[in-house]
Amino acid sequence: MRYISRKKSKDVGLPPGSLVYQGEKRSEDVKITVIDYSEKSVQEMVTKNVEDCFPFKDQPSVTWINIDGLHKVDIIEKIGEHFDLHPLVLEDILNISQRPKTEDFENYIYTVLKMFTYNKQENETNIEQVSIVIGSNFVISFQEKEGDIFDPVRDRIRFNKGHIRKMKSDYLAYSLIDTVVDNYFIVLEEIGEQIESVEDELSKNPDPEPETLQTIHGLKRDVLFLRKSIWPLREVINTLNRNESRLIYKTTQLFLKDVYDHVIQTIETLDTYREMLTSMLDLYLSSINNRMNEVMKVLTIIATVFIPLTFIAGIYGMNFEYMPELYWKWSYPILWMIMVSASLFMFAYFKKKKWL
Amino acid sequence: MRYISRKKSKDVGLPPGSLVYQGEKRSEDVKITVIDYSEKSVQEMVTKNVEDCFPFKDQPSVTWINIDGLHKVDIIEKIGEHFDLHPLVLEDILNISQRPKTEDFENYIYTVLKMFTYNKQENETNIEQVSIVIGSNFVISFQEKEGDIFDPVRDRIRFNKGHIRKMKSDYLAYSLIDTVVDNYFIVLEEIGEQIESVEDELSKNPDPEPETLQTIHGLKRDVLFLRKSIWPLREVINTLNRNESRLIYKTTQLFLKDVYDHVIQTIETLDTYREMLTSMLDLYLSSINNRMNEVMKVLTIIATVFIPLTFIAGIYGMNFEYMPELYWKWSYPILWMIMVSASLFMFAYFKKKKWL
Amino acid sequence: MRYISRKKSKDVGLPPGSLVYQGEKRSEDVKITVIDYSEKSVQEMVTKNVEDCFPFKDQPSVTWINIDGLHKVDIIEKIGEHFDLHPLVLEDILNISQRPKTEDFENYIYTVLKMFTYNKQENETNIEQVSIVIGSNFVISFQEKEGDIFDPVRDRIRFNKGHIRKMKSDYLAYSLIDTVVDNYFIVLEEIGEQIESVEDELSKNPDPEPETLQTIHGLKRDVLFLRKSIWPLREVINTLNRNESRLIYKTTQLFLKDVYDHVIQTIETLDTYREMLTSMLDLYLSSINNRMNEVMKVLTIIATVFIPLTFIAGIYGMNFEYMPELYWKWSYPILWMIMVSASLFMFAYFKKKKWL
Amino acid sequence: MRYISRKKSKDVGLPPGSLVYQGEKRSEDVKITVIDYSEKSVQEMVTKNVEDCFPFKDQPSVTWINIDGLHKVDIIEKIGEHFDLHPLVLEDILNISQRPKTEDFENYIYTVLKMFTYNKQENETNIEQVSIVIGSNFVISFQEKEGDIFDPVRDRIRFNKGHIRKMKSDYLAYSLIDTVVDNYFIVLEEIGEQIESVEDELSKNPDPEPETLQTIHGLKRDVLFLRKSIWPLREVINTLNRNESRLIYKTTQLFLKDVYDHVIQTIETLDTYREMLTSMLDLYLSSINNRMNEVMKVLTIIATVFIPLTFIAGIYGMNFEYMPELYWKWSYPILWMIMVSASLFMFAYFKKKKWL
Amino acid sequence: MRYISRKKSKDVGLPPGSLVYQGEKRSEDVKITVIDYSEKSVQEMVTKNVEDCFPFKDQPSVTWINIDGLHKVDIIEKIGEHFDLHPLVLEDILNISQRPKTEDFENYIYTVLKMFTYNKQENETNIEQVSIVIGSNFVISFQEKEGDIFDPVRDRIRFNKGHIRKMKSDYLAYSLIDTVVDNYFIVLEEIGEQIESVEDELSKNPDPEPETLQTIHGLKRDVLFLRKSIWPLREVINTLNRNESRLIYKTTQLFLKDVYDHVIQTIETLDTYREMLTSMLDLYLSSINNRMNEVMKVLTIIATVFIPLTFIAGIYGMNFEYMPELYWKWSYPILWMIMVSASLFMFAYFKKKKWL
Ligand SMILES: [Mg+2]
Ligand SMILES: [Mg+2]
Ligand SMILES: [Mg+2]
Ligand SMILES: [Mg+2]
Ligand SMILES: [Mg+2]
Ligand SMILES: [Mg+2]
Ligand SMILES: [Mg+2]
Ligand SMILES: [Mg+2]
Ligand SMILES: [Mg+2]
Ligand SMILES: [Mg+2]
Ligand SMILES: [Mg+2]
Ligand SMILES: [Mg+2]
Ligand SMILES: [Mg+2]
Ligand SMILES: [Mg+2]
Ligand SMILES: [Mg+2]
Ligand SMILES: [Mg+2]
Ligand SMILES: [Mg+2]
Ligand SMILES: [Mg+2]
Ligand SMILES: [Mg+2]
Ligand SMILES: [Mg+2]
Ligand SMILES: [Mg+2]
Ligand SMILES: [Mg+2]
Ligand SMILES: [Mg+2]
Ligand SMILES: [Mg+2]
Ligand SMILES: [Mg+2]
Ligand SMILES: [Mg+2]
Ligand SMILES: [Mg+2]
Ligand SMILES: [Mg+2]
Ligand SMILES: [Mg+2]
Ligand SMILES: [Mg+2]
Ligand SMILES: [Mg+2]
């Protein structure tokens, strides 16, 4: 999950509202999905032709238009015209490194947030920006590419599970946001498991691998990036819940408060992760230090014991003619005794100093 | 006390209010205890059958229903129906990694907090989530499993100690919260003693064990975890005390203010612990550094003294035919004198540099 | 000054207002001192019998009752009854690790703060908790044991110095708080001098003692502990000064503002101390590092110069039959020249690298 | 990009409003550019004579006067007189280390901000202070020297792109600020690429160059400097947008809100960069540590294996007359066997300790 | 600039308003200077006799009384009486470690701040506390000793430069504060130059001197001390500007806002300095580490190459009777070849590991 959110500088100097797609080049078609429902009926449609979904706007039923792909700017432009969206909103939809936010334009509310999809098979987290426009009887969601986490919501509409079919567009928008937030927990669980496995390694292995350092740093970056993406959601939901828009009904606010709780819980978990990772980094570095200490002790013990002994041996390896000790009978065994007792003494000294 | 609060992702995509037990699998029965009391009388009952406690609801006496076990979702559901609790409240009761909070639903107040039970015998801290629903004449407390710290409160009711029998349900709820907070001090004392024992070791032993590092890190995690669990209680009690609910009487607010003081004291103690642990970690690392220094000094002194001497001995161990010194009579004793004075000089040098 | 403020867990589960003395066991008598004064007259009394001071309550003169000792719970209880103090206040008086605070109970104000008494002879700082109850015509002060810093206030009353005899009980309470805060500066001066002496040592001595580390850590703990004890005083004085109680007159508020200034000054000095100690710790650790560097350089220079030379000597110490150099006439002096120039070259190299 | 914003102390003690140019000495002429436009027409003029642009003031069309150069104080003075600017505003225009701010003087608004121009050819970022005075029908922009990033705005006016020709002076000012903020992204992209290239090096190369340290520190300084220059822009735009001036129309406020979003995004990106750089510094230092560990291990292994062996060889190099082993037939091969097995044993030991 | 602001504990226990001079002992006379001016005329006077300046109080012209010296308490007392200053204000004037603050006493405003005077010749920064009492037609400034930075203000009054002669006492007070703040920039420039020179040394010299560490720490302390002295000025000027006193006219408020800007700029510059110093400390420590690494590499290379070779030489220095190699003809040259190729191999190995 390497992803620095950075507004590409493609639209520098252009007049405001200039529509420039800020993401990677794509060539596939833009897929447009419509689900139109009321308490009684559901109707679905998939098309490439954006005009196909305009007629739904004038019916009292709730219409959810989902756009998969932002690279065809003219589609965004046509939607903007038909649903009367402000050019700056369209610009924000195309700027895929937009910070999560909510803006109220009386006739509609514009909300943008980050969707994390954890792919178990490839052990990869995919990040997409989702823009949600909430109108009185429609919701338009814009995604960067096909594939999302909203199928449970679609099923609830299709099979009339829960209250969703009885509620208005605000409840649909809540359901989408709630699903996005629920999926944060899946990504968190994944990261939590990785953190615990590294922690296990650190507490068992006194000499951790250098790669562990890279893993900890990688996890730290993921956590920081997630935190940065999720933190503004507090404000997003608070703004929706502040009771000022006629589009958000009181019944939905209680549900939004529940999502808010989950966002707080996500952020607190990320903070805990961050503290754990910092602590683990300290532990790693201390282990390295402890290890170095041990290495140095071995070197010092060996050198301290043998260097003086080698010196003594060197003395009697000298070729002076007049060295009386050389000719004594007991010199050699006495020297051995001296050397053995010197080493024993040193080992005792190291023992006392607890180096052994 | 290893416990990362992490909402399990079991209910991702479910409609809000879906009741899914988020904890470990359990098979024992759910134990339901009822204590019904007024100033004059007390009545107790233990049952497995949730319907048994419904009749108490309609009496003016205060009824305390305690549920030990959240794994049978249908029991929670029946209580929810009978006492008219919001589905999101029921969902929160089952989500055992809920952040402490208070929510006011006019007819009842929902409060959730963390209960720490320190078990002296097994030197273990047990953590349970306690949900408290405060109604006008009842209190329902939900715990994860049997066994709690509320026996002193039960005794006060049974034996009419203090004012509890004269007061309403709000005072009972206060008594439960007060008992939970009082028990935080027991856990804090335990941690404080461990911290002091590590500190003692650090100040006495110039060469601390590598395990000390793991102990300090473990204590730090415990402190962080406790802080995270207790910190939101400030807001919990403030919300209860904010004078807005008709369920909390003025007489009880003074007592809640007293609990608030204790929560603040707990948090400040935890902050002090955290600072002490950080300081102890620094001390540990500095000790390691100091120790390494000492090891290096020994190595350097030995090597600096003996390596040059060995070199000199090596010189006169050479087999050149023409080395006049070899045949002088006083070479050997003179060499010894040179070597002895060289080492004395070096020791004096090290003494001056304070390495000895 | 080793003192972790930790509410002892002696009253866990007791009903609120249960009076349990939380401090160490004591056996001496509780000393009760009364000073009763008006502009015209002063009257003093010392007693062990708490009932002796009750008659003063009904006179219009200001009565200062000072209790030295909290270990006889019945005395506290009788005072509580006679002066109509709330049970929770009595509980707080006995809880000697109470956080400083002020509470307004209409008829009286309860204030608790920490008194630091520096004892020059024994170079020791004594900490006591002082509770002050301010009534309309009385002040009751509770201390843990005999001995305090209030003698200057007593003398001002006895000898009619300053305005104290013309003022009400609020001014007496101010005088006590002011004296407590003034004494913080004495403790601060003491710590400041210790910090400066350690700093002097650090800047003069390139190889600081390991004990310095312990001293710095000890000072840091003292500073943190003082900060924690003094910090809440800001709120204490603000609450007194907030103009809401009929017991605090406007004339006294200006004086309380002056104490507030001093509290802020104390906290800022403590913050400066903290920053200095952190900086000194860095300096200490860097010195250790620098020293290690120096040690390693000596080792490396000696080893780098002599190990190759010893090798060369070893070569010509070999006993091969066919080593032509051994029989040349100038081998030995030429070898010396080679070895001397090699060492000179190495010293030049080290000089260039600035290792010498 | 080395640039410490530091008000030069040239005007110490002068009365307020004294006009002293605070920047480097310059000798070139000051270039004055005027663009005057309405929906229907555009008129341009370049001059050195400041009086030439005064007549435009009295026409209803929007007049943009751009001053390139602050070193001729009399020009600033004349503009100040003619457009009735406060002496303190003129002083601020000349103080090129002014912190970004907005001040409302009823008849005009004074805004000052930092313009960053990234020069791709010379890989250099140029910083200029831009002061903008917004009047009812004019905008005066003051720059330190010729060359800026406003050409796209000029083109939009000349060729009637976007809405700019239909709008008032407030929209022109917005366009200038928007262009400045857009250019921040270009500088950010540049820094981001450098950070990523350093990060790549760090994750690939286990032994990073010492220069990497300097690069990381340099990038950190750039990021801190940018943050300091951009951070106050939040307040600048908020003040403009606070709906209080009659000079800022409601239609423009929505556009200012959009710039505000971009400023926040810039600051968050800079915060991410800062965290990444801190993390990279840790990684660098840990790599150095790991490397040292490896070096020490090699030394220790070699020394531990060969020092004892050399000692044994030294023993049998002694010249004692009575050393029975010397005359045994199998001494030499047996010794070899002992030495080989000793080294094998040591290698096994190191293997077990995972030093190899 | 070594200066810990610490209220001397000389007045512990004294009644409030007791006048005790808190600074060092001084014996020189107190110098009193009066400048009395209106738009038309100026009158100056220097005296030791405080009563001489009392007549000026009753004239409508603005009177500036400057007191150089606080060690004669009776002078302060007489001024206090004549100008009706509160005893607590007099106490604050004498307490030369007063935190900067402003207090409004309806008839006069009391402001206290720190004056820094940089002395170029002696490269020393002098710190003095300046108290300013602003009355309706007078300003009294109190300094610790003779010598200040207000001569430019005196000249503006004498020679009628700027608007000062046309304005009231509030503008005079502003001029004094402005001059104090302007001089902060001179001290900042001085520190900035020192920081840059240390930074230059660090980036050029890979092996910085140990003194650099002390210099960085000294600069850090200066910056922290300045920050602590200047930070409260924000509040000081805000309080003056809050439009509540009848003594501060609207015309002066704009000028005070300008000083406020400069105070903010000072604080931000100090924050930048602090960050730079922290960064430089890291750089210093990393350089030390890098250096140690290099030293260790040299040692390891030399030892790794020569210790095994010395062992081999030691082998053939043994005196065993039965060592066939000793008698072979080519042993010696073959051994040399082996040793040379072994060292070449090792150098290649080190080259590959990039240790060379
Ligand atoms: Mg644009
Ligand atoms: Mg936008
Ligand atoms: Mg998608
Ligand atoms: Mg959810
Ligand atoms: Mg964010
Ligand atoms: Mg943030
Ligand atoms: Mg937090
Ligand atoms: Mg759900
Ligand atoms: Mg919930
Ligand atoms: Mg929590
Ligand atoms: Mg339980
Ligand atoms: Mg309690
Ligand atoms: Mg929290
Ligand atoms: Mg209790
Ligand atoms: Mg209490
Ligand atoms: Mg006492
Ligand atoms: Mg005082
Ligand atoms: Mg505190
Ligand atoms: Mg601060
Ligand atoms: Mg000026
Ligand atoms: Mg200015
Ligand atoms: Mg320019
Ligand atoms: Mg823009
Ligand atoms: Mg800033
Ligand atoms: Mg006093
Ligand atoms: Mg004062
Ligand atoms: Mg201060
Ligand atoms: Mg002076
Ligand atoms: Mg100024
Ligand atoms: Mg401050
Ligand atoms: Mg800032």
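Conventions and cut-offs
- Residues numbered from 1 in each chain as written.
- Chains lettered and ligands numbered in written order.
- Predicted model: local features only at pLDDT ≥ 70, side-chain atom pairs only at ≥ 80, totals over all residues.
- Heavy atoms only, no water.
- Domains from an automatic or database assignment.
- Contact = heavy atoms within 4.5 Å.
- Salt bridge = Lys/Arg side-chain N within 4 Å of Asp/Glu carboxyl O.
- Helix = DSSP H or I, 4+ residues; strand = E, 2+ residues; numbered from the N terminus.
- Patch = residues over 30% accessible without salt bridge, like charges linked within 9 Å, V, L, I, M, F, W, Y side chains within 5 Å.
- Areas by Shrake-Rupley, 256 points an atom, 1.4 Å probe, with all protein chains shown as cover.
- Least-squares fit on C-alpha atoms with pLDDT ≥ 70 in both.
- Buried < 20%, exposed > 50% of the residue type's maximum accessible area, 1.4 Å probe, protein only.
- Pairing = 2+ DSSP bridges.
- Axes fitted to C-alpha atoms, helices over the stretch in contact; angles between N-to-C directions.

**Some words on the domain arrangement of chain A**
- One can read the domain layout of chain A as domain 1 (2-287) and domain 2 (297-352).
- The C-alpha centroid of domain 2 of chain A is placed 76 Å from the C-alpha centroid of domain 1 of chain A.

**Regarding the interface of chain B and chain A**
- Between chain B and chain A, the contact holds 62 residues from the first and 62 residues from the second.
- Counting across the interface, chain B meets chain A through 5 salt bridges.
- For A:Asp261, the salt bridge identified is with B:Lys101, shortest N-O distance 2.3 Å.
- Of all the secondary-structure elements, those providing two or more residues to the side of chain B that touches chain A are α2 (87-94), β4 (101-105), α5 (210-230), α7 (250-315) and α8 (331-352) of chain B.

**Topic: a nonpolar patch on the surface**
- Residues A:Trp330, A:Ile334 and A:Ile338 make up a contiguous nonpolar surface patch of roughly 350 Å² in combined accessible area.
- Within the secondary structure layout, A:Trp330 lies in the loop between α7 (250-315) and α8 (331-352).

**With respect to the relation of the copies chain B and chain A**
- Its rotation angle being 72 degrees, the transformation that places chain B on chain A also includes 0.0 Å of axial translation and leaves an RMSD of 0.1 Å. Each copy turns onto its partner about a five-fold axis. Rotation axis and chain B: the residue whose C-alpha lies nearest the axis is B:Gly317, separated from it by 4.6 Å.
- Take the interface residues of chain B: only 15% of them recur as interface residues in chain A, which is what a contact between different surfaces looks like.

**Here's the deal with the pattern of salt bridges**
- Inspection of the entire model under this criterion finds 108 salt bridges over all chains.
- Note that D:Asp271 is salt-bridged to D:Arg227, the shortest N-O span being 2.6 Å. Residue D:Asp271 is found in helix α7 (residues 250-315), and its partner D:Arg227 is found in helix α5 (residues 210-230); the two are separated by 44 residues along the sequence.
- On the accessibility criterion, D:Asp271 (22% relative accessible area) is partly exposed.
- For D:Arg227, a relative accessible area of 18% corresponds to the buried category.
- Overlapping salt bridges bring together A:Asp92, A:Lys101, A:Glu103, D:Lys257 and D:Asp261 as one network.

**Description of the sheet that holds β4(B)**
All names here are of chain B.
- The 7 strands lie next to each other as β2-β1-β3-β7-β6-β5-β4, forming an open sheet whose pairing is mixed. Whereas interior strands pair on both sides, the edge strands pair on one side only; in this sheet they are β2 (42-47) and β4. Averaged over all neighbouring strand pairs, the angle between strand axes comes to 20 degrees, with direction disregarded.
- Direction of pairing for β4 relative to strand β5 (residues 108-119): antiparallel, over a ladder of 5 bridges.

**Brief notes about the sheet that holds strand β3 (residues 62-68) of chain C**
Residue and element names in this part refer to chain C.
- The 7 strands are arranged β2-β1-β3-β7-β6-β5-β4 in an open sheet whose pairing can be described as mixed. Since the sheet does not close on itself, it has two edges, and those belong to β2 (42-47) and β4 (101-105), each with one partner. Averaged over all pairs of adjacent strands, the angle between their axes in this sheet comes to 20 degrees, without regard to strand direction.
- Contacting β1 (31-37), β2 and β3, helix α3 (residues 151-158) crosses the sheet at an angle of about 150 degrees to β3.

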